[in-house]
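Structure at a glance
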Amino acid sequence: MTSSGASTANAVSPDSGEHWSAEGAWQVADGIHRIPLPLPLDGLKAVNVYVLETDDGLVLIDGGWAIEAARSVLERSLRQIGAGFADIRRFLVTHVHRDHYTMAAVIGGDHGAPVSLGADEKPALDLLLGPEGAAQEAILRGLVTAGAGSLVEGWRRAPGDAPDPAMWRYPDTWLDGDHSIAVGARTLDAVHTPGHTPGHFVFADTSEQVLFAGDHVLPTITPSIGFTAPAPIDPLGDFMASLTKVRTLPDLRLLPAHGPVAPSSHARVDELLAHHEHRLTLSLAALAHGPATGFDVAHELGWTRHERSFGELDLFNQGLAAQETKAHLELLVARGLATREDTPVGVVFAPVP
Ligand SMILES: [Zn+2]
């Protein structure tokens with residue numbers, strides 16, 4: 001899940017010469033291909049799965065959303081490089097969100113290819129695999145703590161948001177802490193990058209000079225922050241610390257999960273850090289008008305790159321915006337610039353006098 005407005009700017013990917021979501025196996029580097037898979041929701045258009053060839057078969061980074069249309073596109077695209085599902089030896093999944101994880105879980109299970117996922121995604125899977133409705137209730141609680149209790153009934157009624165138990169299972173192995181992973185002759189640095197989700201990982205191939213960035217660093221949009229169940233305390237602080245960590249890697253070609261290939265991980269990390277610093281400044285300024293929830297402050301900010309007003313957003317994005325604003329306010333608390341108080345209508349923030 002991502003927010004802040006998909007853009008058509010720079011959407012032509014240098015590897016394909018076409019819109020980045022165009023079907024195919026697009027060669028990014030020798031033995032590395034980008035395969036965009038369709039998503040059922042409009043906003044993001046597609047998710048990129050990356051295929052790494054080895055002498056022994058294929059390793060896939062992310063799997064896509066387990067829908068029939070995406071499974072067919074993946075099958076056709078693999079055929080372009082002379083391969084099929086039976087050639088997949090392993091899935092490395094950047095994070096637990098369904099557009100990345102669920103098809104890896106399904107195809108990996110069908111074909112005996114182990115699936116690896118960040119260990120800190122386990123609480124989210126515990127909820128998804130727990131009692132019916134537990135995951136949705138946790139998500140709705142997140143809305144309430146952000147002061148967006150008025151959106152709860154609309155979210156509850158939204159179609160298609162109940163998790164489909166058939167596409168969820170635990171991974172075969174957990175990725176825990178920063179470590180390296182041999183993929184054929186390559187070595188990937190698996191780097192834990194909490195923020196968008198607590199167990200997010202990126203994978204760097206520094207000899208090939210590419211970064212498989214998942215949703216941590218996206219070229220034209222910013223990943224949603226604060227839309228996680230169970231909710232971490234300071235997801236934006238986590239995210240910005242993870243951006244700073246990725247900034248200490250060499251400057252790499254950015255291979256994102258959504259959007260075209262981009263030339264510089266450093267350049268995009270710098271833009272994302274500046275974007276959130278700016279939002280932190282605006283959020284602190286908004287608190288000067290009086291104690292407020294994330295929902296309240298979100299009304300005073302512009303949304304998407306078109307600076308839309310909160311009221312112009314749809315119900316779903318209003319909820320994301322309230323929670324992302326709460327994440328900014330929580331980081332202001334962590335920085336000693338604001339105070340927080342839990343109340344029945346959500347966490348209320350105030351500036352430090
Ligand atoms: Zn995603």
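1. Observations concerning the coordination of the zinc ion
Coordination of the zinc ion by the protein comes from Asp99 (OD), His100 (NE2), Asp215 (OD) and His258 (NE2), over a distance range of 2.0 to 2.4 Å. Metal-centred angles of 88 to 162 degrees between the 4 donor atoms at the zinc ion mark the site as irregular. Donor residues for the zinc ion sit on one chain with the sequence pattern D-H-x114-D-x42-H. Of the two residues, Asp215 is situated in the loop between strand E12 (210-214) and strand E13 (222-223) and His258 in the loop between strand E14 (253-256) and helix H7 (265-287); the sequence distance between them amounts to 43 residues.

2. Side note on the pairing of strand E16 (residues 346-351)
Relative to E16, strand E15 (residues 338-343) runs antiparallel, the two being bridged by 6 bridges. Counted as the bridge partner of Thr343 is Gly346 from E16. Linking two consecutive strands that pair antiparallel, namely E15 and E16, is a turn of 2 residues.

3. Focus on the pattern of salt bridges
Side chains that differ in sign of charge can pair as their charged atoms come close. The final tally for this structure, using the stated rule, is 17 salt bridges. For Arg335, the salt bridge identified is with Glu277, shortest N-O distance 2.7 Å. Remark: Glu277 occurs in helix H7 and Arg335 occurs in the loop between helix H9 (315-334) and E15; sequence separation between them is 58 residues. Take Arg335: its relative accessible area is 40%, and that puts it in the partly exposed class. One network of salt bridges, with partners in common, ties together Lys326, Glu330, Arg340 and Asp342.

4. Let's talk about the sheet that holds strand E6 (residues 88-92)
With respect to topology, 7 strands assemble into an open sheet ordered E2-E3-E4-E5-E6-E7-E8, the strand pairing being mixed. Edge positions in the open sheet fall to strand E2 (26-29) and strand E8 (173-175), since each of these has one partner strand only. Each adjacent strand pair in this sheet contributes to an overall mean axis angle of 30 degrees, direction not counted. Two elements, strand E4 (residues 46-54) and strand E5 (residues 57-61), share 5 bridges in a ladder whose sense is antiparallel. Bridging from a neighbouring strand, Glu53 pairs with Leu58 of E5. Across the sheet, helix H1 (residues 68-80) is in contact with strand E3 (32-38), E4, E5 and E6; its angle to E3 comes to roughly 155 degrees. Where helix H2 (residues 98-111) meets the sheet, its contacts fall on E3, E4, E6 and strand E7 (115-118), and the angle it forms with E7 comes to roughly 150 degrees.

5. Quick look at the domain arrangement of the protein
Domain assignment breaks the protein into domain 1 (2-265) and domain 2 (276-351). Buried surface at the junction of domain 1 and domain 2, both sides included, amounts to about 2300 Å², of which 64% is carbon and sulfur. Across the contact surface, domain 1 and domain 2 share 0 salt bridges. The interface formed by domain 1 and domain 2 contains 6 residue pairs in polar contact (both at pLDDT 80 or more). When residues of the side of domain 1 that touches domain 2 are traced back to their parent elements, those giving at least two are strand E1 (2-3), helix H4 (134-145), helix H5 (152-157) and helix H6 (235-247). Top element by residues in the side of domain 1 that touches domain 2 is H6. It accounts for 5 residues. The class makeup of the residues in the side of domain 1 that touches domain 2 is 15 nonpolar, 14 polar and 1 charged.

Cut-offs applied
Residue indices follow the written sequence of each chain, beginning from 1 at its first position. Residue-level local features of this predicted model are given only where pLDDT is at least 70; pairs of side-chain atoms are given and counted only at 80 or more, and the full residue set underlies all totals for whole chains, interfaces and linings. Just so you know, side-chain values use all the structure's heavy atoms and leave hydrogens and water out. Sodium, potassium and calcium take a 3.2 Å donor cutoff, other metals 2.8 Å, and in both cases only N, O and S atoms count; water is not among them, so sites may look incomplete. The geometry test gives tetrahedral to four donors whose angles all lie between 85 and 135 degrees, gives square planar to four donors and octahedral to six donors whose opposite members are over 155 degrees apart with all other angles between 65 and 115, and gives irregular to the rest. Going along the chain from the N terminus, every DSSP run of H or I of four or more residues is numbered as a helix, and every run of E of two or more is numbered as a strand. Strand pairing is assigned whenever DSSP detects at least two bridges linking the two strands. Here, a salt bridge means any Lys or Arg side-chain nitrogen found within 4 Å of an Asp or Glu carboxyl oxygen. Classification of residues uses two cut-offs on accessible area relative to the type maximum, computed with a 1.4 Å probe and protein chains only: under 20% is buried, over 50% is exposed, and between them is partly exposed. The axes used here are C-alpha line fits, helices contributing only the stretch in contact, and every angle between their N-to-C directions lies in the interval 0 to 180 degrees. By definition in these notes, contact holds between two residues if any of their heavy atoms fall within 4.5 Å. All domain edges in this entry derive from an automatic or database-based domain assignment. What gets called buried area is simply the loss in accessible area from a 1.4 Å probe that two parts show on being joined, summed for both. Distance and chemistry together define a polar contact, namely a pair of N or O atoms within 3.5 Å, with one atom able to donate a hydrogen and the other to accept it when in protein, and with adjacent residues in sequence counting only for side-chain atoms on both sides. Under the scheme applied, nonpolar residues are Ala, Val, Leu, Ile, Met, Phe, Trp, Tyr, Cys and Pro; charged residues are Asp, Glu, Lys and Arg; polar residues are all the others, including Gly.

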